[in-house]
Amino acid sequence: CVTVPVDGLAPATSYVYWFEAGPTRSPLGRTRTLPAAGTDAVRLAVVSCGDYSRGHFAAYRAVAEADVDLVLHVGDYIYETVGRDEVRTALPGHDVVTLDDYRTRYRQTRGDPDLVALHQRHPMVAIWDDHDIADNAWRHGSKHHDPNEHGRWEDRLRAAATAHQEWVPGRLPDPDDLLTVYRSFVLGDLAEVVLLDTRIVGRDQHADDHPSLPYDDPDRSMLGDRQRHWAHERVGDTSRPWCLLVSQVVLNRMALPVEAGARLGDLAPSGYAVIGGRAMCTDEWDGYPAERDALVRAIAARGPGVVTLSGDV
């Protein structure tokens, strides 16, 4: 992969670009810079959850052919699992763990013609979610990471972060800190896009992993202290009429009441567990209600103008 930071471009302008390596010239690509002041409309596309093995990327082709200014990928650009081979065989043929594994999966995914068309046509801003690393990941592990089988969590996390930045590069606050990916950017004087990291930098272990982890503990964190302060500050900034708050996992309540002693059947959605008389997916904000309440209070204090965008399910 080659990443070339380019500065000094005019705002709200389409550019054509290409690469040359020796005698080989790439196909032409098109991108568009973000708007400056005086913008009254921006057209966005929001995508997520591209499991190469389970289907073709027709949605990416549709976005490529649409008239949009920017694509937001809100997580799960790849899936690290071995693949179900329902439609296509994912490479490598095992769970993705090492740096070479992640690079192989990204290389295969980026070779899909519909995803090629998407990147060739539009600029993209991306944030990771769990499958870019490991299913149901948190700061110090994952429900599906076994150190005896997969090695040290820190090594796997570093490999995943390295490959993600290579294949889906972003302008991180500190280029040398691949684990701090939350950031924001403005769409002229119309909106600020605030990309949260609800996956790694501040997330505590899932409440259903161990009975000593009550889901409603007021100290349970999704964001971490530093990101929380930053996020509430960004949400409270009313210098632009809109704040587009990007969260990889769903902010809305999705918990379902269940009768005492009831159990979930096989048809229950993946990731749901019964906790405190409610069926909930502890990987969403439902599993961190105190953190969500604090964010909702910050949104309420701002008043109108906040839109949340999420993926995952």
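Residues numbered from 1 in each chain as written. Predicted model: local features only at pLDDT ≥ 70, side-chain atom pairs only at ≥ 80, totals over all residues. Heavy atoms only, no water.

Enquirer: I tried to follow the sheet that holds strand E16 (residues 306–310) on my own but got confused; where do I start?
Expert: Sheet strands line up and pair through hydrogen bonds in the backbone, either parallel or antiparallel. The four strands are arranged E10-E11-E12-E16 in an open sheet whose pairing can be described as mixed. At either margin of the open sheet sits one strand with a lone partner, and together these are strand E10 (183–187) and E16. Along the sheet, successive strands turn relative to each other by an average axial angle of 20°, direction set aside. Pairing analysis gives five bridges linking strand E12 (residues 242–247) to E16, with the strands arranged parallel. Note that in E16 the partner of Leu-244 across the bridge is Val-307. Strands in contact with helix H6 (residues 225–235) are E10, strand E11 (191–195), E12 and E16; relative to E11, the strand with the most contacts, it is inclined by about 160°. (Pairing = 2+ DSSP bridges. Helix = DSSP H or I, 4+ residues; strand = E, 2+ residues; numbered from the N terminus. Axes fitted to C-alpha atoms, helices over the stretch in contact; angles between N-to-C directions. Contact = heavy atoms within 4.5 Å.)

Enquirer: Got a minute to help me understand H6 in this structure?
Expert: The α-helix advances 3.6 residues per turn, and as a result positions three or four apart in sequence lie on the same side. Restricting attention to buried positions, one finds in H6 the residues Gln-227, Arg-228, Trp-230, Ala-231, Arg-234 and Val-235. Down the axis of H6, the sector holding all buried residues measures 165°, keeping them to one side. In this structure, H6 carries Asp-225, Arg-226 and His-229 as exposed residues pointing more than 90 degrees from its buried face. (Buried < 20%, exposed > 50% of the residue type's maximum accessible area, 1.4 Å probe, protein only. Arc of directions from axis to C-beta.)

Enquirer: Got a minute to help me understand the environment of Ala-59 in this structure?
Expert: Residue placement: Ala-59 occurs in helix H1 (residues 58–64). A sequence separation of 59 residues divides Ala-59 from Leu-118, and the C-alpha atoms of the two residues are 9.6 Å apart.

Enquirer: What's the story with the sheet that holds strand E13 (residues 256–257) in this structure? I'm lost.
Expert: Ordered in space as E13-E15-E14, the three strands form an open sheet in which the pairing is antiparallel. Two strands bound the open sheet, and with one partner strand each, they are E13 and strand E14 (272–275). Across four bridges, the pairing between E14 and strand E15 (residues 278–281) is antiparallel. When the sheet's bridge partners are listed, Val-274 is paired in E15 with Ala-279.

Enquirer: Where do I start with the pattern of salt bridges in this structure?
Expert: Opposite charge on two side chains permits pairing when their charged atoms draw close. For the structure on display, the rule yields 18 salt bridges. Of the charged contacts in the structure, one is a salt bridge between Asp-155 and Arg-152, with a shortest N-O distance of 2.7 Å. Residues joined in a network through salt bridges with shared partners are Asp-129, Asp-130, Arg-199, Arg-203 and Asp-283. (Salt bridge = Lys/Arg side-chain N within 4 Å of Asp/Glu carboxyl O.)

Enquirer: Even after reading the chapter, I still don't get empty space enclosed by the protein, so can you show me in this structure?
Expert: A probe as big as a water molecule, rolled over the atoms, marks out the empty space that is left. For the coordinates displayed, the defined rule picks out one cavity of 30 Å³ or more. In this structure, the largest cavity spans a volume of roughly 70 Å³. Surrounding the largest cavity, Ala-126, Ile-127, Trp-128, Ala-161, His-164, Gln-165, Val-168, Gly-170, Leu-172, Leu-178, Val-181 and Arg-183 form its lining. Per element, the largest residue contribution to the lining of the largest cavity is three residues, and it comes from helix H5 (residues 153–167). (1 Å grid on protein atoms, 1.4 Å probe; cavity = no way out; pocket = protein on both sides within 12 Å on 5 of 7 lines; lining within 4 Å. Points joined across faces, edges and corners; volume = space filled by probe spheres on them.)

Enquirer: What is the right way to look at the side chain of Ser-53 in this model?
Expert: Within the secondary structure layout, Ser-53 lies in the loop between strand E5 (44–47) and H1. A polar contact is formed between the side chain of Ser-53 and the side chain of Asp-51, at a distance of 3.0 Å. (Polar contact = N/O pair within 3.5 Å; in protein donor to acceptor, adjacent residues only side chain to side chain.)

Enquirer: How should the layout of surface pockets be read in this particular structure?
Expert: In this structure, the largest pocket encloses a volume near 2,000 Å³. Top contributing element to the lining of the largest pocket by residue count: strand E4 (residues 29–32), with four residues. Among the residues forming the lining of the largest pocket, the class breakdown is 26 nonpolar, 12 polar and seven charged. Each pocket or cavity is described by its volume, and for the second largest pocket that value is around 630 Å³. Taken together, 28 residues form the lining of the second largest pocket, with Arg-54, Tyr-79, His-131, Asp-135 and Ser-270 sitting closest to its centre. Class assignment for the residues of the lining of the second largest pocket results in nine nonpolar, 10 polar and nine charged. (Nonpolar A, V, L, I, M, F, W, Y, C, P; charged D, E, K, R; others polar.)

Function cannot be inferred from these measures alone, as they are strictly geometric.
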